[in-house]
Amino acid sequence: MSIFVDPKLGLIPSPFHARLAEQNRAHSWYDWAGYAAPSVLDSMEFEYFALRNQSSLFDISPMHKYRVTGPDAARMLNRLVTRDIRKIKTGRVGYAVWCDEEGMVIDDGTLFHLGDDDWRLCCQEPMLTWLLDAAWGFDVTVKDETHGVAGLSLQGPTSFAVLEAAGLDVAHLKPFDLIKIEPDLMISRTGFTGDLGYELWCAWDKAEALWDRIWQAGTHQGLRAIGYDALNIARIEAGFLTAGVDFQPVHATERLHRGQTPFELGLGWLVDFEKGHFNGRRALLSKQHAQRSLLLHCDVEGFKPAQGALIYNGRKREVGHITSGIWSPTAKKNVALAHVRMPDAQRASRLMAEIYTLEEGKWDTRMARLTPVQGAFFAPPRARATPPART
């Protein structure tokens with residue numbers, strides 16, 4: 001299909017661009033994989049609280065989407081990623097990472113098992129060349145669907161009620177289920193917020209009709225369109241990683257040793273050595289107990305966000321840095337994702353973050369204690385309830 005580039009933006013408009021532009025009172029756009037995407041539409045605070053207390057719409061069409069089909073599709077993908085995808089049944093979605101031969105993470109993404117010998121991979125980084133190389137010798141077809149499939153993320157406690165009001169029966173969907181609910185519409189119970197939510201997928205030319213249908217259904221459910229800034233707070237609360245922020249995709253690094261293994265990112269649970277050979281397996285076998293650093297989820301003392309702060313052992317020796325840090329409005333605490341060198345990552349009682357703050361035109365620094373925690377900072381039971389509540 002042909003792609004129109006808006007000369008005013010210098011970026012490709014997504015299939016939902018006209019609807020988003022109508023609401024973008026902040027006129028705040030950023031470049032997401034060449035597309036014009038909103039960072040804020042009106043107020044980041046209002047958008048965030050709509051996501052956590054009502055429901056929200058976020059355009060995920062710029063995600064890279066690849067269709068892998070053919071008799072060897074499962075074999076090829078199992079050779080590519082670190083987990084055993086044979087455990088992802090038809091009608092299910094699985095999180096996955098894939099590595100280079102040195103065991104360094106190239107990217108992460110979601111695998112949609114659409115049918116027999118039929119898969120879709122959604123990810124942040126462009127992967128077509130890598131997928132074509134991985135497909136060599138297998139009876140598979142790899143197709144880039146990025147510009148043909150539109151995606152809309154509907155998240156928040158009233159998201160189920162919105163879909164119900166739109167005439168879409170998804171009460172039976174469990175987390176990570178997917179269903180082709182209509183000839184031109186697929187819905188998966190997935191998202192990047194850690195909350196109750198769904199992702200809706202349709203053909204590019206059906207996008208505006210889908211938006212209008214969902215928007216009308218959400219009239220009495222507090223539905224609000226949101227930008228990335230609000231979503232980013234939610235994904236940090238959920239403890240989710242962002243490529244290029246919380247880890248550097250190894251193909252995008254320019255300096256040696258900037259890549260990281262799944263074990264260093266806390267994703268060792270996605271590595272299955274029992275399934276047979278996969279890309280990077282040999283290197284990961286030797287590195288599974290030799291991490292150079294660990295990605296930690298941390299509570300941060302005080303209330304000043306620690307984004308970008310350096311981390312010290314006992315206030316003296318620099319041992320890491322914080323990649324994502326926010327004050328969580330819902331969890332009511334200061335939280336962060338942090339890379340800490342080994343073995344200092346195991347000395348939790350001595351970790352301190354040096355936080356810079358600008359107050360009344362004057363920069364100040366303060367040392368805040370870090371306390372590593374397990375799991376998400378916010379994980380509401382409604383995210384797993386089946387059937388979900390309507391409010």
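Whatever comes next refers back to the structure up there.
Residues numbered from 1 in each chain as written. Predicted model: local features only at pLDDT ≥ 70, side-chain atom pairs only at ≥ 80, totals over all residues. Heavy atoms only, no water.

Our focus in this paragraph is the sheet that holds strand S18 (residues 333–341). Taken together, 6 strands build a closed barrel; the order of strands is S15-S18-S17-S16-S19-S20 and the barrel is antiparallel. The sheet shows a mean angle of 40 degrees between the axes of neighbouring strands, direction not considered. In this sheet, strand S19 (residues 351–359) lies alongside strand S16 (residues 310–313) in antiparallel orientation, the contact comprising 4 bridges. Bridged to Leu310 within S19 is Glu354. Along the sheet, helix H7 (residues 228–237) contacts strand S17 (317–328) and S18; its crossing angle with S17, the most-contacted strand, is approximately 120 degrees. (Pairing = 2+ DSSP bridges. Helix = DSSP H or I, 4+ residues; strand = E, 2+ residues; numbered from the N terminus. Axes fitted to C-alpha atoms, helices over the stretch in contact; angles between N-to-C directions. Contact = heavy atoms within 4.5 Å.)

A few words on the nonpolar core. One finds Phe112, Trp201, Leu241 and Leu284 to be the most contacted residues of the largest nonpolar core, which totals 39 residues. At the level of secondary structure, the elements contributing two or more residues to this core comprise helix H2 (44–53), strand S6 (93–99), strand S7 (105–115), H7 and S18. Top element by residues in this core is H7. It accounts for 5 residues. Once residues lying within four places of it in the same chain are set aside, the contact partners of Leu284 are Thr82, Cys99, Gly103, Thr261, Pro262, Phe263, Val271, Phe273 and Phe278. Counting 27 residues, the second-largest nonpolar core is a separate cluster that includes Val162, Ala166, Tyr198 and Leu210. (Core = buried A, V, L, I, M, F, W, Y, C linked by side-chain atoms within 4.5 Å. Buried < 20%, exposed > 50% of the residue type's maximum accessible area, 1.4 Å probe, protein only.)

This part covers the pattern of salt bridges. All told, the structure shown has 23 salt bridges when counted by the stated rule. For Asp246, the salt bridge is made with Arg235, and the minimal N-O distance between the two is 2.6 Å. Taken together, the positions of Asp246 in the loop between H7 and helix H8 (281–287) and Arg235 in helix H7 put the pair 11 residues apart, joining distant regions of the chain. In terms of burial, Asp246 and Arg235 fall into one category: buried. Among the charged side chains, a network of salt bridges with common partners joins Arg52, Asp195, Glu237 and Arg382. (Salt bridge = Lys/Arg side-chain N within 4 Å of Asp/Glu carboxyl O.)

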